[in-house]
Amino acid sequence: MQTDRALDEIITLLGNYLDGVEVIGAYPDRTVYTRLEERTVAVGFCGADMSPSSIDGGEKSGEVKIFADIFVPLSYGSAEAFRILTDICRALSPKSVVSVSAERLSFDRALSAYTVKSAIGLSGRIALGGDGNE
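Quick look at the structure, then. These figures come from a predicted structure and were not determined experimentally. (Residues numbered from 1 in each chain as written. Predicted model: local features only at pLDDT ≥ 70, side-chain atom pairs only at ≥ 80, totals over all residues. Heavy atoms only, no water.)

Here we come to the overall build of the protein chain. When helices and strands are counted, the protein chain shows two helices and six strands. Contacts in the protein chain between residues far apart in sequence, at least 24 positions, make up 62% of those at least 6 positions apart. Summing over all exposed atoms, the protein chain offers an accessible surface of approximately 7900 Å²; the carbon and sulfur share of this is 49%. (Helix = DSSP H or I, 4+ residues; strand = E, 2+ residues; numbered from the N terminus. Contact = heavy atoms within 4.5 Å. Areas by Shrake-Rupley, 256 points an atom, 1.4 Å probe, with all protein chains shown as cover.)

Moving on, we come to the nonpolar core. Judged by nonpolar contacts, the single largest core of 22 residues is most densely connected at Leu 14, Leu 18, Val 41, Val 43, Ile 70, Ile 84 and Ile 88. Counting residues per element, the ones that place at least two in this core are helix H1 (3-17), strand S1 (21-25), strand S2 (39-52), strand S3 (59-73), helix H2 (79-92) and strand S6 (113-127). In terms of residue count, H2 provides more of this core than any other element does, six residues in total. The contact partners of Ile 88, leaving out residues within four places of it in the chain, are Leu 14, Leu 18, Val 41, Ala 68, Ile 70 and Ile 120. Listed in part, the five residues of the second largest apolar core include Leu 36, Ala 42, Phe 71 and Ala 113. (Core = buried A, V, L, I, M, F, W, Y, C linked by side-chain atoms within 4.5 Å. Buried < 20%, exposed > 50% of the residue type's maximum accessible area, 1.4 Å probe, protein only.)

What follows is the structure, given as C-alpha cells:
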C-alpha cells in the first residue's frame, strides 16, 4: 500500500459505496466555510503505527489510521451522520478494519450542518520503497 494511492483508492471506494454522499480528500491547510447542500465526507490520513515486516526493512506492517469527517445538512437529520459512519465501516470492512472511533455529534453553525469526526484503523503493509529510509 502506497499512501497516496491508498487514499485515492479509499476515496473512490467510499464514493462508489455511499450513494448520494460526496466523498472528498481533505486538505487541512485550507478552510472554506460555506453552507452545505449535500452530505459530505472529507477523508485523509491521521496516523500510523508500523513495525518492520521484512528483513530488508523496505516494508512495514501495522495500522494506518484515516479520518472521515462527516458533514450532514440539517434537513437530513442528525441520525444520518451515524448512518453514514456505519456505511463507511461496511465499505471498508474488506480493507481489514481494526479500530473505529468517533466523536460526539456536533453542530457547525458556519456550515449549517451536523458533524461527526471519526477515525478508522486499517491493518496492512506499507511499501516504503528504496532501502526503507526514503
